[in-house]
Amino acid sequence: MNDRFLRACRRQPVDRTPIWIMRQAGRYLPEYRELRSRVEFLDLCRTPELAAEVTLQPLRRFPLDAAILFSDILLPLDAFGISMTFTPGPRIAEPIRSRAQVDALQARPAGEAVPFVADAVRLLRRELNGRTPLIGFCGAPFTLAAYLVQGEGKEGFGAVKRMMFHEPATLEVLLDKLAAAMVDYLRLQIQGGVQAVQIFDSWAGILGATDYARFALPYVRAIVNGVRESGVPVIYFVNGAPHLIEAAASAGADVLGVCWRMPIDHVAARVGPGVALQGNLDPHALFADAAVVRERATDVLRRMAGRPGHIMNLGHGILPETPIASVEVLIETVQCAN
Ligand code: 1CP
């Protein structure tokens with residue numbers, strides 16, 4: 001089995017730097033768009049055979065070192081009975097704005113609410129047959145709350161920040177409930193067979209350091225602690241977070257996913273050797289010529305050369321219009337580098 005990704009998560013020696021790409025299954029692939037033109041996004045996620053198919057699509061094209069389950073961070077909110085649509089971003093039918101709404105939220109077990117996720121994981125483990133490790137994931141509580149309170153994706157997420165200042169205790173109750181539900185959800189994926197999990201904190205960067213320490217970090221720690229017993233490596237990706245790096249590294253995850261904004265060796269110097277790092281090529285670099293893609297990817301590798309525990313990745317999700325040829329150049333560059 002190709003275990004260089006799992007070895008790098010644990011900061012063990014590897015034959016070369018492993019690579020996978022955040023959001024590698026999805027809209028930049030013509031075969032995804034073709035399938036998606038016939039099937040609604042939520043139906044793709046909720047049908048194990050189709051979710052497994054989309055997960056495998058990038059692996060058929062590229063020699064990636066890990067697969068990531070096809071789903072979305074908001075899917076497990078089904079457990080709270082929250083109804084949503086994707087157009088293409090998520091829209092919550094009734095945004096959560098009041099203490100009464102938060103108090104009324106009660107999670108069903110993930111195994112009852114989203115059994116299709118565990119089924120997709122089991123199917124994938126059979127199909128992958130030990131060739132490539134499978135990553136499961138969830139959203140971090142603050143990022144999930146940002147969508148739940150705002151009702152949709154929106155730069156700034158004013159609604160969750162208003163709740164944070166006006167009704168901090170309400171937000172804390174919501175975050176507590178989300179953290180507990182995500183522990184249950186990740187355990188379901190781990191029981192199904194995922195070999196690593198990533199917690200996506202895409203919006204934590206809108207918080208100042210003091211508020212991050214109160215409204216984001218403790219709930220990520222709760223998730224990390226809640227799955228630690230399984231022994232599965234945990235990756236914590238925080239976006240837009242140069243001001244939060246040391247705090248984020250203290251969440252207890254095995255791997256810190258680094259956004260594209262900082263040179264990754266500067267992050268390494270700030271967090272020390274106790275955590276592996278994942279990242280962090282700017283996703284927009286893939287719109288450049290092959291020579292530039294090669295140069296930028298080599299630069300990231302060079303910055304991490306000799307440091308145990310580096311997983312090559314982008315510094316945020318791959319963008320929908322990304323040329324396939326650039327993805328090929330990126331992967332070749334990593335494969336040939338050491
Ligand atoms: O129409 C479509 O095809 C739907 C587009 C789409 C896709 C392909 C959405 C809606 N989600 C996904 C899949 C998805 N989302 C995956 C699996 C694919 C893979 O990784 O290979 C994952 C891991 C996610 C995670 C996700 N969803 C995040 C965290 C990662 C990140 O990019 O920061 C976030 C913030 C979301 C919310 C979301 N879901 C979909 C969209 C378009 C968005 C972003 C909305 C916004 O602008 O806020």
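For the structure, see preceding data.
Before going into details, it helps to say that this report is about the structure given with it. These numbers were taken from a predicted model, which means no experiment stands behind them.

For the rest of this paragraph, the subject is the overall build of the protein chain. The number of helices and strands found in the protein chain is 16 helices and nine strands. Computed over the C-alpha atoms, the radius of gyration of the protein chain is 19 Å, within 12% of the 20 Å expected from 2.2 N^0.38 for a compact globule of 338 residues. Across its three principal directions, the C-alpha atoms of the protein chain cover 55 × 45 × 40 Å. Counting across all 338 residues of the protein chain, residues that qualify as buried make up 58%. When contacts within the protein chain are restricted to residue pairs at least 6 apart in sequence, long-range pairs at least 24 apart make up 74% of them. For the protein chain, the distance from the average position of its 36 positive side-chain charges to the average position of its 35 negative side-chain charges is 2 Å.

Here strand 7 (residues 255–258) shows a buried face lined by V255 and G257 and a second buried face lined by L256 and V258. Both strand 6 (residues 234–238) and strand 7 contribute to a ladder of four bridges, which runs parallel. Bridge pairing in strand 7 places V238 opposite V258. Here strand 7 runs beside strand 8 (residues 276–278); their pairing, made up of three bridges, is parallel. Looking at the pairing, V255 lines up with A276 of strand 8. Taking the sense of rotation as the criterion, the β-α-β connection linking strand 7, helix 14 (residues 264–271) and strand 8 turns out right-handed.

Take the pattern of salt bridges next. The final tally for this structure, using the stated rule, is 16 salt bridges. Here E152 and R91 are joined by a salt bridge, their closest N and O atoms 3.3 Å apart. Of this pair, E152 sits in the loop between helix 8 (141–150) and helix 9 (158–166) while R91 sits in strand 3 (residues 90–92), placing them 61 residues apart in sequence. Between D299 and R303 there is a salt bridge, with the nearest N and O atoms lying 2.9 Å from each other. Note that D299 and R303 are positioned in helix 15 (residues 290–304) at a spacing of four residues, about one turn of the helix. Relative accessible area serves as the criterion here: at 24%, D299 is assigned to the partly exposed category. Overlapping salt bridges bring together R4, D15, R16 and D65 as one network.

Moving on, we get to the side chain of Q195. Residue placement: Q195 occurs in the loop between helix 10 (168–192) and strand 5 (196–201). Among residues more than four places away in sequence, those in contact with Q195 are M1, L6, R125, T132, P133, L134, V232 and P233.

The next subject is the site of the ligand. What surrounds the ligand is a group of 23 residues, the closest being R23, A25, Y32, Y147 and S202. Taking Y147, its side chain carries an N or O atom lying 2.5 Å from an oxygen atom of the ligand. When the free accessible area of the ligand is taken as 880 Å², the share hidden by the protein chains comes to 89%. The residue inventory of the shell around the ligand, partitioned by class, reads 13 nonpolar, six polar and four charged.

This next bit is on unusual backbone geometry. For the bond running from T87 to P88, omega is -10°, close enough to zero to count as cis. If you trace the backbone, P88 turns up in the loop between strand 2 (84–86) and strand 3. Here the bond from G279 into N280 is cis, since omega is 0°, no more than 30 degrees from zero. In this model, R23 sits at a positive phi of 65°, which is unusual for a non-glycine residue. When you line up the elements, R23 lands in the loop between helix 1 (4–9) and helix 2 (30–38). Positive phi is not limited to glycine here, since N129 has a value of about 50°. Checked against the element boundaries, N129 lands in the loop between helix 7 (115–128) and strand 4 (134–139).

Let us now look at the packing of helix 4 (residues 48–61) against helix 7. Here helix 4 crosses helix 7 at 45°, and the two axes come no closer than 8 Å. The pairing of helix 4 with helix 7 is recorded here as oblique in orientation. The hand of the helix 4/helix 7 crossing is right-handed. Of the residues in helix 7, those in contact with P48, E49, A51, A52, T55, L56 and L59 of helix 4 are F116, D119, A120, L123, L124, E127 and L128.

On to the packing of helix 7 against helix 10, then. Their axes nearest at 8 Å, the elements helix 7 and helix 10 cross at an angle of 30°. In terms of axis orientation, helix 7 runs roughly parallel to helix 10. As helix 7 packs across helix 10, the resulting crossing turns out to be right-handed. Contact residues: helix 7 offers V117, A118, V121, R122 and R125, while helix 10 offers Y185, L188, Q189 and G192.

Rules of the game
Residues numbered from 1 in each chain as written. Predicted model: local features only at pLDDT ≥ 70, side-chain atom pairs only at ≥ 80, totals over all residues. Heavy atoms only, no water. Helix = DSSP H or I, 4+ residues; strand = E, 2+ residues; numbered from the N terminus. Rg over C-alpha atoms; globule rule 2.2 N^0.38 Å. Buried < 20%, exposed > 50% of the residue type's maximum accessible area, 1.4 Å probe, protein only. Contact = heavy atoms within 4.5 Å. Lys, Arg positive; Asp, Glu negative; His and termini not counted. Charge placed at Lys NZ, Arg CZ, Asp CG, Glu CD. Pairing = 2+ DSSP bridges. Right-handed = clockwise from strand over helix to strand, strands pointing away. Salt bridge = Lys/Arg side-chain N within 4 Å of Asp/Glu carboxyl O. Near = heavy atom within 4 Å. Polar contact = N/O pair within 3.5 Å; in protein donor to acceptor, adjacent residues only side chain to side chain. Areas by Shrake-Rupley, 256 points an atom, 1.4 Å probe, with all protein chains shown as cover. Nonpolar A, V, L, I, M, F, W, Y, C, P; charged D, E, K, R; others polar. Axes fitted to C-alpha atoms, helices over the stretch in contact; angles between N-to-C directions. Parallel < 35°, antiparallel > 145°, perpendicular 65-115°, else oblique. Left-handed = near helix turned anticlockwise from the far one by under 90°.

Function cannot be inferred from these measures alone, as they are strictly geometric.
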